[in-house]
Amino acid sequence: MIPRSARSPGRLATTLMLASSLALGTTGGVTAQADDATEAAAPTALTVGLGYIPSIQFAQFYLADQAGYYAEAGLEVEFQNKIDPELVTLLARGAVDIGMADGTSVIPAVSQGIPVVYGATIYGRDPNVVFALEEAGVEDAASLAGKSIGIPGRYGSSWVALQALLGSAGLTPDDVEIVTYPDFGQGVAVGSGQVDAATGFATNEPVQLALQGLAVDVLRVSDVAPLPGPGLVVGRDTLAAKREALAAFTAATIRAMEDISADPGLGLAATFERVPELASDPATQLAILEATIDSWASDHADEHGLGSVDPTSWASGLEIMRGLPGSVVSDELVVEDLITDELQP
């Protein structure tokens, strides 16, 4: 069943304090340098790639921008929304400076020589799930045998996660009926009984079905097949050229995650400022945000802090993806090729 957060909607912040900061120059102790030293340095421009559409799940980025955390770090940030495969290519080319991408996209990309690297974790637990209405009788991976499963397509993190989940029970996609929903309508399909189960994210479809009063069973893939969750990814050339600015961006984003974890209302307010149309249904948005905050957390994050990268989940993901049918993951690829600590605070 869907985990319930202990946080209450009553904590919704009624106002969002927007920090305004003025960059102050410093003197170098030499009179001749005073004019230069007191001028505010020009901010570093960063283009940031997020997911396909603006969403409450990007609340930490919106808050860090509106609260002035990026500005305090000397950054001028522009957000772009891109689908994950397109984003990885843009990061490699340097057309986007930093973005949130799936770990399961980074592994095959690097294996094929695409120069990107993962520098900070956003989702401590990979949010990929398979969900079903309670009456479908989907209690574990083995119970998916013979069931119809909706999925956007045979690509991306959902496809990797489904194969990993089935494999944990000795099954393959041939043991189920795959029904594709290119318009991402698999959640509606489950709710209306068109399919027995579907792939999705713990932060999205199961939450919305539960809000409709439906009893939903959720199989979290990471419980049986740990995969690295989405996080901040950069191109290697961009990292070399803008390491300091990218590290500052990462620290400011993590600061906003910590703020939202303590008070989800801050994330709601920031999102509604950025995406006003989402304010029409605050209860749904709060539920999605609560589930998102829950997915940021992990045992590794509890010990090392939000944003920290867990090498063990990458080792597991590398092994899982290398073993998938038709895998393009090289036998020579190692975890150290995939992750970096250069963005860590």
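Described in the following lines is the structure provided in the data block. Keep in mind that this is a model prediction, so the values were computed, not measured.

**A word on the overall build of the protein**
- Check the secondary structure of the protein and you find 13 helices and ten strands.
- Counting the 345 residues in the protein, one finds 51% classified as buried.
- Summed over all atoms, the accessible surface of the protein reaches about 15,600 Å², with 51% contributed by carbon and sulfur.

**Section: the packing of helix H9 (residues 236–262) against helix H11 (residues 282–296)**
- Contact pair H9 / H11: the axes reach a minimum separation of 10 Å and the direction vectors enclose 125°. Judged by the angle between their axes, H9 and H11 are oblique. Of the two possible hands of crossing, H9 and H11 adopt the one that is left-handed. Contact with H9, carried on its side by Met257, Ile260 and Ser261, involves Leu289, Ile293 and Trp296 of H11 and no other residues of that element.
- Of the residues contributing to the contact of H9 with H11, the split by class is five nonpolar, one polar and no charged.

**Digging into the sheet that holds strand E4 (residues 116–121)**
- Read from one edge of the open sheet, five strands run E2-E1-E3-E10-E4, paired in mixed fashion. Each of the sheet's edge strands pairs with one partner strand only, and the pair in question is strand E2 (75–81) and E4. Averaged over all neighbouring strand pairs, the angle between strand axes comes to 30°, with direction disregarded.
- Strand direction decides the pairing type here: strand E1 (residues 44–50) and E2, joined by seven bridges, are parallel.

**Focus: the sheet that holds strand E7 (residues 177–180)**
- Pairing in this open sheet of five strands is mixed, and the strands run E7-E6-E8-E5-E9 from one edge to the other. Two strands lie at the open edges of the sheet, namely E7 and strand E9 (216–220), each paired on one side alone. Averaged over all pairs of adjacent strands, the angle between their axes in this sheet comes to 30°, without regard to strand direction.
- Relative to E9, strand E5 (residues 128–133) runs antiparallel, the two being bridged by five bridges.

**Digging into a nonpolar patch on the surface**
- On the surface, a cluster of nonpolar side chains totalling about 330 Å² of accessible area is made up of Tyr52, Ile53 and Ile83.
- Along the chain, the position of isoleucine 83 falls in the loop between E2 and helix H4 (84–93).

Quick notes on the rules
Residues numbered from 1 in each chain as written. Predicted model: local features only at pLDDT ≥ 70, side-chain atom pairs only at ≥ 80, totals over all residues. Heavy atoms only, no water. Helix = DSSP H or I, 4+ residues; strand = E, 2+ residues; numbered from the N terminus. Buried < 20%, exposed > 50% of the residue type's maximum accessible area, 1.4 Å probe, protein only. Areas by Shrake-Rupley, 256 points an atom, 1.4 Å probe, with all protein chains shown as cover. Axes fitted to C-alpha atoms, helices over the stretch in contact; angles between N-to-C directions. Parallel < 35°, antiparallel > 145°, perpendicular 65-115°, else oblique. Left-handed = near helix turned anticlockwise from the far one by under 90°. Contact = heavy atoms within 4.5 Å. Nonpolar A, V, L, I, M, F, W, Y, C, P; charged D, E, K, R; others polar. Pairing = 2+ DSSP bridges. Patch = residues over 30% accessible without salt bridge, like charges linked within 9 Å, V, L, I, M, F, W, Y side chains within 5 Å. Salt bridge = Lys/Arg side-chain N within 4 Å of Asp/Glu carboxyl O.

These figures capture arrangement, not role.
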